[in-house]
Structures are given as C-alpha cells and as structure tokens.
Amino acid sequence: MAERVCIVSGGNSGIGFELCRGMAAAGFHVVMVSRGVERGKPALDKLQAEFGDSVEMMLCDMSDLSNIAKLHAEFTTKFDRLDILLNNAGAMWGKRENTTQGHEMTFGVNHVGYFVMAQTFLPLLKATEGSRIINTASEAHKMANLKLDDLNHEKSRYSQWGTYGNSKLCNILFTRELARKLDGTGIITHCFHPGVVKTRFGSGSSGPMRLFWPLFRPFMINSKKGANTGLHLALSDDAATTTGEYWARSKRNRGNRHARNDDNATRLWEITEGMLDE
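Heads up: these notes are all about the structure in this document. Model, not experiment: these values are computed from the prediction.

1. Description of the environment of His193
Phase 1: By the secondary structure assignment, His193 is in strand 6 (residues 188-193).
Phase 2: Considering only alpha carbons, one finds His193 and Ser138, 55 residues apart in sequence, at a separation of 4.2 Å.
Phase 3: Ignoring any residue separated from it by four or fewer positions in sequence, one finds His193 in contact with Ala137, Ser138, Glu139, Thr229, Tyr246, Trp247, Ala248 and Arg249.
Phase 4: Here Glu139 takes part through its backbone nitrogen, which lies 3.0 Å from a polar atom of the side chain of His193.

2. Remarks on the pairing of strand 3 (residues 55-59)
Phase 1: When you tally the buried positions in strand 3, you get four out of five residues, the bulk of the element.
Phase 2: One ladder, built from five bridges, connects strand 2 (residues 29-34) with strand 3; its direction is parallel. Each bridged residue has a counterpart across the sheet, and for Val31 the counterpart in strand 3 is Glu56.
Phase 3: Taken together, strand 2, helix 2 (residues 37-51) and strand 3 form a β-α-β motif whose crossover is right-handed.

3. Here we look at the nonpolar core
Phase 1: Counting residues in each nonpolar core, the largest one holds 50 residues, and the members touching the most others are Ile7, Met62, Phe75, Leu82, Met117, Phe121 and Ile133.
Phase 2: Listed by contribution, the elements that provide at least two residues to this core are strand 1 (5-9), strand 2, helix 3 (66-76), helix 4 (105-126), helix 5 (160-181) and helix 8 (262-277).
Phase 3: The element that contributes the greatest number of residues to this core is helix 4, accounting for 13 residues.
Phase 4: Beyond its immediate sequence surroundings of up to four residues, Met62 is in contact with Ser9, Val33, Ile68, Ala89, Val109 and Met117.
Phase 5: Ranked by size, the runner-up nonpolar core spans 26 residues in total, among them Val8, Met32, Val55 and Leu86.

4. Observations concerning the packing of helix 5 against helix 8
Phase 1: In the contact formed by helix 5 and helix 8, the axes pass within 8 Å of each other and the chain directions differ by 90°. Considered as vectors, helix 5 and helix 8 are oriented roughly perpendicular to each other. Where helix 5 abuts helix 8, its residues Cys170, Leu173, Phe174, Arg176, Glu177, Leu178, Arg180 and Lys181 lie against Asp262, Asn264, Ala265, Thr266, Leu268 and Trp269.
Phase 2: A per-class count over the contact of helix 5 with helix 8 returns seven nonpolar, two polar and five charged.

5. Details of the packing of aromatic side chains
Phase 1: Evaluated as defined, the whole model comprises six aromatic pairs.
Phase 2: Seen in terms of ring centroids, Phe75 and Phe79 are 4.8 Å apart; in terms of plane orientation they differ by 40°. Their pairing is tilted.
Phase 3: Of the residues examined, Phe79 reaches a relative accessible area of 13% and is grouped as buried.
Phase 4: Taken together, Phe75, Phe79 and Phe121 form an aromatic cluster joined through their ring pairs.
Phase 5: Sitting over the face of the ring of Phe28, Arg4 holds its NZ or CZ atom 4.1 Å from the ring centroid.

Reading guide: rules and limits
- Residues numbered from 1 in each chain as written.
- Predicted model: local features only at pLDDT ≥ 70, side-chain atom pairs only at ≥ 80, totals over all residues.
- Heavy atoms only, no water.
- Helix = DSSP H or I, 4+ residues; strand = E, 2+ residues; numbered from the N terminus.
- Contact = heavy atoms within 4.5 Å.
- Polar contact = N/O pair within 3.5 Å; in protein donor to acceptor, adjacent residues only side chain to side chain.
- Buried < 20%, exposed > 50% of the residue type's maximum accessible area, 1.4 Å probe, protein only.
- Pairing = 2+ DSSP bridges.
- Right-handed = clockwise from strand over helix to strand, strands pointing away.
- Core = buried A, V, L, I, M, F, W, Y, C linked by side-chain atoms within 4.5 Å.
- Axes fitted to C-alpha atoms, helices over the stretch in contact; angles between N-to-C directions.
- Parallel < 35°, antiparallel > 145°, perpendicular 65-115°, else oblique.
- Nonpolar A, V, L, I, M, F, W, Y, C, P; charged D, E, K, R; others polar.
- Phe/Tyr/Trp six-rings, centres within 6.5 Å; stacked < 30°, edge-to-face > 60°.
- Lys NZ or Arg CZ within 6 Å of the ring centre and 35° of its normal.

Next comes the structure, spelled out in structure tokens:
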C-alpha cells in the first residue's frame, strides 16, 4: 500500500508544527509547507530529529497565489496521492497590506489561499480514497461584520481584528460550500477552532493590542492542545461520519448564525471565483 501523504500549510510554527508532529506520529508522510527557509528549516530539523525523512519541507508564500501552482508542481513530481490537506497558513496584519494579486492581505491569505489550495489539489484528493480537507478557522468569526460586496475592505475602515474575524467566518462558509460541492466524491471536509493558543500569532498587531497581547499569554493553551481538534478531524472515524461542519474541542459546534448562512456561503464562493477570474 502506498504511503499516506498529507500537506500542512503554515507548518513551521505553532499549531501547524504540532499538526505536522501529530500526522507524522500517525504514520503519514508529512509535507510541511513554510513561507520561507529561515523559519522553516529549524522546524524541519526538529521534526526530522523525531521522525526522520517522513517529514519534508516545501516552500509557498500564500501572499502570492502563483506560488501555490509552483507548490503543486513540486508536490506532484514526488507524489501521486494526497490523503489529507490541512489548510492552516494564516495571520493577522496590524495595518492594511495587499497580496501580489491585489487582495487585502488577511482576506487574501486566510481565505483565498485556502480556496486556491483546495482547488489546485482537488484532482489528487479525488484520486485518493478517503481523503480529507481540514481548514483552521476560529471563534473569532463571531467578531465578523462580513460585507460580501466589500471583501477587500476598500469601502470600510481597516480594523485588524474585524478583518481577521471576517476571514475566519469566510473559512467556515467556504467549508460548508466546499462540502456541498464535494457531495458524492467521498472527500470529507471540516473546519475547526483551535482555541486561544500561545503562539507567535498576534505579534503583528498594532495599537493597544500590541501592548496588551503579551498579558493574555499566561491564559492561553499551548500549541499541542491547539492542534488536537485538527488532528481529530484528520484522523478520527467520528469526523468521517459527516462533512462540512465547524468543530471546537473535538466536538461539533454550531458557531453563530452567520456561520450557518448557506446563501452567503454560496455567494462567497461565487465572488471568490470571480475575483480569481479577473
């Protein structure tokens, strides 16, 4: 039987690093995707010290969507299957920036990056029996004030937490619509809240949050605990009984009413496709 293979984006630190560890411990060949070598290589060294060559690194900076095609090309020269895609790369920016394609950075990396990763690797996932797509979302979706006619925040004042919350709501809506579109393929997809995790996240904040964020750290959980729900979704029989759901603490969670709006999930998909066709 061919070795099971997974991709973990944003795998070089925090939750992503622990997702890599957990998947390698479960017997998968893990492709840890990192934005760059500087932060990726030390993480790879740690993982290979524990799991040997069953973990490798590939590079992809999601702020330029053309890099995803390059990642796919590199991956498919080595592998003809993909069992688990863990979309985990993401961040929050303290001031407004744009991706190479002109999308607002938080929306572009946290949502459009997931969207394009799933679309790009979908043929391999369809060709692999029992495959899954797992997306890191957040309870921060409850802070969202999502305007589908202003996804790039061109008409509204930039708020780092509001923009991040919007992107996390997009992750949940994307997962719901993806599940609908994958009906009949056998591919399972879910998203999850990892908890408030003690990672580098928030280090890019600005204003008062930059000052107060360190004060919250003693009350946060560690990255290993933060990865638990993602690993449950990637590995458990329980997660394979349904699809398209939002989870927290390894249990199904309804999220708020905006996270269950299937009309908006469909509209978000269509708008995202339109942006990518421009």
